[in-house]
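Examination of the molecular architecture
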Amino acid sequence: MIIDCHGHFTTAPPQLAAWRDRQIAAIEGKGGTPDPADLVISDDDLRRAIEDNQLRLMDERGSDLTVFSPRASFMAHHIGDFGTSSTWARICNDLVHRVSTLYPDRFAMGAMLPQSPGVDPATCLPELRRAVEELGAVTVNLNPDPSGGRWTAPPLTDRSWYPVYEAMAAYDIPAMIHVSTSCNPAFHTTGAHYLNADTTAFMQLLQGDLFADFPTLKFVIPHGGGAVPYHWGRFRGLAMAMGRPDPEKLLGNVFFDTCVYHQPGIDLLTQVIPSESVLFASEMIGAVRDVDPRTGHYFDDTKRYVEATPNLTDAERAAVYSGNALRVYPRLAARLAAAGR
């Protein structure tokens, strides 16, 4: 079985973006606040959005199931206030839940949280609970920078985040550390802000003792871990200089995905990071959607790179494809077991 742990609903029906535009316009004083009930998206709309896009590519590329969450760049937690984010998160989570209900064998829901700059993370708990208990979410996306590139939030090791971690531990769900759109022109959203955030999150964890307080907590750092595996010596050296444990000690709680879009990158990732801490992912129909003229294949067809790397045995490759994900996402494992898969 091949589980893609990193997918977003980037092809949602256009009604969703139109509703969001109205919500943003209202914040700017250009009209009334839209009612969530005004957003009408039929099951057929969802089927067209999925079957012509993600599902088609999953079949073509040979993946079986995708952990599917709202579009990361659409989270845009810096827009409006907590009420804005709360309404938007509920709408987006409901849509992804509907996709996972229409295609239960192919998609498992991941939820966004209604974060807002300067607002206590504990305000996210009602939506987190709803997503897990009512919608069947197997993970959440956690934004370490709700300000959208301004970095006003405290580090992930700060105790203000602890209510969210307590809920994650109680539900036994991981979080993917994933920022959203950058409103800072110095940081391109997908080329800089995403990768900066991945690297920053790991460094914050290296500096703190979060997992002493939450030994079962699990984070997935996407996009191959940002700069981390590719500068592993730097992080080892910094840990020594700060009197911190070797960064490899974090790898029972921190995992990296394979959203790295060339063969040398995957080769280095799988050479440096132990295979048990690597999860298969593609984030397909995401930031990089074109065909690589050097290979003739899509950049985000990451299965080709995992298949070709010499750094994995057959057993390790199988673990990267599904075994590790089933360990990191126990609610997904339970769901699949209940379905006899």
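Whatever comes next refers back to the structure up there.
A quick note: this is a predicted structure, and the numbers were derived from the prediction, not measured.

When you go through the chain residue by residue, the secondary structure sums to 14 helices and ten strands. Computed over its C-alpha atoms, the radius of gyration of the chain comes to 19 Å, within 12% of the 20 Å expected for a compact globule of 341 residues. The dimensions of the chain, computed from C-alpha atoms along their principal axes, are 55 × 45 × 40 Å. Counting over 341 residues, the chain shows a buried share of 53%. Of the contacts made within the chain by residues no fewer than 6 positions apart, 76% connect residues no fewer than 24 positions apart. Surface exposure of the chain reaches about 13,800 Å², of which carbon and sulfur atoms provide 52%.

Ordered by their spatial adjacency, eight strands build an open sheet running β1-β2-β3-β4-β5-β6-β7-β8, and the pairing between neighbours is parallel. The open sheet has two edge strands with one neighbour each: β1 (3-9) and β8 (278-279). Taken together, the three bridges between strand β3 (residues 107-112) and strand β4 (residues 139-142) define a ladder with parallel strand orientation. By the bridge assignment for β4, Met112 is matched with Asn141.

Further remarks concern the packing of helix α2 (residues 43-51) against helix α5 (residues 82-102). For the pair α2 and α5, interaxial distance at closest approach is 10 Å and the crossing angle is 80°. Taken together, the axes of α2 and α5 lie roughly perpendicular to each other. Residues Asp43, Leu46, Arg47 and Ile50 of α2 pack against Leu95, Arg98, Val99 and Leu102 of α5.

Glancing now at helix α11 (residues 263-272). Among the residues of α11, those classed as buried are Gly265, Ile266, Leu269 and Thr270. One face of α11 carries all of its buried residues, which in axial projection span an arc of 125°. Looking at α11, the residues exposed on the side facing more than 90 degrees away from the buried face are Pro264 and Gln271.

In this section: the pattern of salt bridges. A complete count under the given rule lists 14 salt bridges for this structure. Among the salt bridges present, the one from Asp209 reaches Arg244, with a minimum N-O distance of 2.7 Å. Here Arg244 lies in the loop between α10 (232-242) and β7 (254-257) and Asp209 lies in the loop between α8 (189-207) and α9 (210-213), a separation of 35 residues in the sequence. The exposure class assigned to Asp209 is partly exposed, which follows from its relative accessible area of 49%. Among the charged side chains, a salt-bridge network with shared partners connects Asp94, Glu127 and Arg130.

Let's shift gears to the side chain of Lys303. Within the secondary structure layout, Lys303 lies in helix α12 (residues 302-308). Of the side chains bearing the opposite charge, Glu307 lies closest to the buried Lys303, which forms no salt bridge; the N-O distance is 4.3 Å. If we skip the residues at most four places from it in the chain, Lys303 touches Ile2, Arg61, Gly62, Phe280 and Tyr321.

Moving on, we get to the environment of Pro185. Topologically, Pro185 is positioned in the loop between β5 (175-177) and α8. The class of Pro185 is exposed, set by a relative accessible area of 80%. As for Pro185 and Asp94, which are separated by 91 residues in sequence, their C-alpha atoms are 31 Å apart.

Here the focus is the environment of Asp44. The residue Asp44 is located in helix α2 in this model. Judged by its relative accessible area of 45%, Asp44 is partly exposed. Side-chain polar atoms of Asp44 contact the side chain of Arg47, separated by 3.0 Å.

This next bit is on the packing of α8 against α10. Look at α8 against α10: their axes get within 11 Å of each other, and the N-to-C directions meet at 30°. Between α8 and α10, the angle falls in the class roughly parallel. Between α8 and α10 lies a crossing whose hand is right-handed. When α8 is examined against α10, the residues Thr199, Phe202, Met203, Leu206 and Gln207 are found in contact with a partner set consisting of Trp232, Phe235, Leu238, Ala239 and Met242. Tallied by class, the residues present in the contact of α8 with α10 amount to eight nonpolar, two polar and no charged.

Once that is clear, we can look at the pairing of β4. Where burial is concerned, the two faces of β4 agree: the one with Thr139 and Asn141 and the one with Val140 and Leu142 are both buried. Taken together, β3, helix α6 (residues 125-133) and β4 form a β-α-β motif whose crossover is right-handed. In the sheet, β4 pairs with β5 via three bridges, with the strands oriented parallel. Bridging from a neighbouring strand, Val140 pairs with Ala175 of β5. What joins β4 to β5 is helix α7 (residues 162-171), and the crossover it makes is right-handed.

Moving on to the nonpolar core. One finds Leu128, Leu142, Tyr165, Phe202, Leu210, Phe219 and Phe256 to be the most contacted residues of the largest nonpolar core, which totals 83 residues. In this structure, Leu142 is in contact with Leu113, Gln115, Leu156, Trp161, Val164, Tyr165, Ala175, Met176, Ile177, His178 and Phe219, ignoring residues within four places of it in sequence.

Turning our attention to α5. Taking 1.5 Å per residue, 21 residues should reach 30 Å; α5 reaches 30 Å between its end C-alpha atoms and fits that length. The set of residues buried in α5 consists of Thr84, Ser85, Trp88, Ala89, Ile91, Cys92, Asn93, Leu95, Val96, Val99 and Ser100.

Parameters at a glance
- Residues numbered from 1 in each chain as written.
- Predicted model: local features only at pLDDT ≥ 70, side-chain atom pairs only at ≥ 80, totals over all residues.
- Heavy atoms only, no water.
- Helix = DSSP H or I, 4+ residues; strand = E, 2+ residues; numbered from the N terminus.
- Rg over C-alpha atoms; globule rule 2.2 N^0.38 Å.
- Buried < 20%, exposed > 50% of the residue type's maximum accessible area, 1.4 Å probe, protein only.
- Contact = heavy atoms within 4.5 Å.
- Areas by Shrake-Rupley, 256 points an atom, 1.4 Å probe, with all protein chains shown as cover.
- Pairing = 2+ DSSP bridges.
- Axes fitted to C-alpha atoms, helices over the stretch in contact; angles between N-to-C directions.
- Parallel < 35°, antiparallel > 145°, perpendicular 65-115°, else oblique.
- Arc of directions from axis to C-beta.
- Salt bridge = Lys/Arg side-chain N within 4 Å of Asp/Glu carboxyl O.
- Lys, Arg positive; Asp, Glu negative; His and termini not counted.
- Polar contact = N/O pair within 3.5 Å; in protein donor to acceptor, adjacent residues only side chain to side chain.
- Left-handed = near helix turned anticlockwise from the far one by under 90°.
- Nonpolar A, V, L, I, M, F, W, Y, C, P; charged D, E, K, R; others polar.
- Right-handed = clockwise from strand over helix to strand, strands pointing away.
- Core = buried A, V, L, I, M, F, W, Y, C linked by side-chain atoms within 4.5 Å.
- Expected span 1.5 Å × (residues − 1).

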